[in-house]
Amino acid sequence: MPGTIVIVEDNAMNMKLLEQALGIAGFRTVKSLDGDGLVDLASEFNANLILMDIQLPKHSGVDLLKQLRADERTSQVPVVAVTAFADPDSIAGFLDEGFDQVITKPISIRKLLDEVARYCGGESAV
């Protein structure tokens, strides 16, 4: 199996889309609806990549990214923002905050799998 992806997404339809696309491509997925305990979750499952929504019910994706980067267990795990904020200034801002990449919604499965393959090794399944 190519790797473990932690998905942090509160929208059920987006979560299902991400889980199915990644599962078909052979990735193991672990989900979090709100980011609570994300550092422990990512560490426990030895995450290769985290896909992070920005607007979550309890925390912002930016705040969760800061928690991940501050903990030695997860500081080096790549984190890709998955967001509806698609304007160039927002994307630049997320990259400045420390996200490794930004995927905008609506999600392109091709772009998603290309980015995941980039961080987890291997080639895109699409």
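Every residue gets a number counted from 1 within its own chain, in the order that chain's sequence is written. Selection of residues for local features in this predicted model requires a pLDDT of at least 70, selection of side-chain atom pairs for listing and counting requires 80 or more, and totals for whole chains, interfaces and linings are taken over all residues. Side-chain descriptors were evaluated using all non-hydrogen atoms of the structure, hydrogens and water having been removed beforehand.

Caption draft 1: Expanded view of the overall build of the protein chain. Each helix and strand counted, the protein chain has 5 helices and 5 strands in total. Helix and strand assignments follow DSSP, with helices taken as H or I runs no shorter than four residues and strands as E runs no shorter than two, numbered in order from the N terminus. The N-to-C order of helical and strand elements in the protein chain reads β-α-β-α-β-α-β-α-β-α. Taking 126 residues into account, the globule formula puts the C-alpha radius of gyration at 14 Å, and the protein chain, at 13 Å, falls close to it. Across its three principal axes, the protein chain shows a C-alpha extent of roughly 35 × 30 × 25 Å. The buried share among the 126 residues of the protein chain stands at 46%. In what follows, a contact means two residues having at least one pair of non-hydrogen atoms within 4.5 Å. For the protein chain, contacts bridging at least 24 residues in sequence account for 58% of all contacts bridging at least 6. Calculation of accessible area relied on Shrake-Rupley with a 1.4 Å probe; when residues are assessed, cover is drawn exclusively from the protein chains displayed. Carbon and sulfur atoms make up 49% of the accessible area of the protein chain, which amounts to about 6400 Å² in all. Of the charged side chains in the protein chain, 11 are positive and 19 negative; the average position of the first set lies 5 Å away from that of the second. Each radius of gyration is computed over the set of C-alpha atoms, and the globule rule expresses the reference value as 2.2 Å times the number of residues to the power 0.38. Working definition: with a 1.4 Å probe on protein chains only, accessible area under 20% of the residue-type maximum means buried, over 50% means exposed, and in between means partly exposed. Only four residue types enter the tally: Lys and Arg on the positive side, Asp and Glu on the negative side; His and the chain ends are excluded. For charged residues, the charge sits on one atom: NZ in Lys, CZ in Arg, CG in Asp, CD in Glu.

Caption draft 2: Molecular detail of the nonpolar core. Remark: nonpolar core denotes a set of buried residues (Ala, Val, Leu, Ile, Met, Phe, Trp, Tyr, Cys) joined through side-chain atoms within 4.5 Å. Membership of the largest hydrophobic core comes to 22 residues, with the highest contact counts inside it found for Val6, Val8, Leu38, Ile50, Met52, Leu68 and Phe99. Mapped onto this core, the elements with two or more residues apiece are strand S1 (4-8), helix H2 (38-44), strand S3 (49-53), helix H3 (61-70) and strand S4 (79-83). Sequence-distant contacts of Val6, that is, excluding residues within four places in its chain, are made with Val30, Leu38, Leu41, Ala42, Ala47, Leu49, Ile50 and Leu51.

Caption draft 3: The arrangement of the packing of helix H1 (residues 12-24) against helix H5 (residues 109-120) in detail. Where helices are involved, their axes are fitted lines through C-alpha atoms of the stretch in contact, as for all axes, and angles between N-to-C directions lie from 0 to 180°. Between H1 and H5, the least distance of the axes is 11 Å, while the angle of their chain directions is 60 degrees. Classified by the angle their axes make, H1 and H5 are oblique. At the point where H1 passes H5, the crossing takes the right-handed sense. Where H1 abuts H5, its residues Leu17, Leu18, Ala21 and Leu22 lie against Ile109, Leu112, Leu113 and Val116. Any angle that is under 35 degrees is reported as roughly parallel, and any over 145 degrees as roughly antiparallel; angles of 65 to 115 degrees are reported as roughly perpendicular and all others as oblique. Two helices that cross are described as forming a left-handed crossing if the nearer one is turned anticlockwise from the farther one by less than a right angle, and a right-handed crossing if clockwise.

Caption draft 4: Just the pairing of strand S5 (residues 101-104), in detail. Here, a strand pair is defined by DSSP locating no fewer than two bridges between the strands. Here 4 bridges tie S4 to S5, and the two strands are oriented parallel to one another. The residue of S5 that forms the bridge with Thr83 is Thr104. Handedness of the crossover is the feature at issue here: the chain leaves S4, passes through helix H4 (residues 88-97), returns alongside S5, and the resulting connection is right-handed. Crossover handedness is defined by viewing with both strands directed away from the observer: a clockwise path from the first strand over the helix to the second marks the crossover as right-handed.

Caption draft 5: Expanded view of the side chain of Glu115. Relative to the assigned elements, Glu115 resides in helix H5. Residue class for Glu115 comes out buried when judged on its relative accessible area of 10%. Two N or O atoms count as a polar contact when they lie within 3.5 Å, although within protein this holds only if one can serve as hydrogen donor and the other as acceptor, and sequence-adjacent residues are included solely when both atoms are side-chain atoms. At 2.9 Å, the side chain of Glu115 and the side chain of Arg118 are in polar contact. In this structure, Glu115 is in contact with Gln101 and Ile103, ignoring residues within four places of it in sequence.

Caption draft 6: View of the pairing of strand S2 (residues 28-32). Pairing between S1 and S2: 5 bridges, direction parallel. Paired with Ile5 across the bridge in S2 is Thr29. The parallel pair S1 and S2, bridged by H1, forms a crossover whose chirality is right-handed.

Caption draft 7: Up close: unusual backbone geometry. A cis amide bond, omega 0 degrees, links Lys105 with the succeeding residue Pro106. Relative to the elements of secondary structure, Pro106 occurs in the loop between S5 and H5.

Any link to function would need more than the numbers given here.
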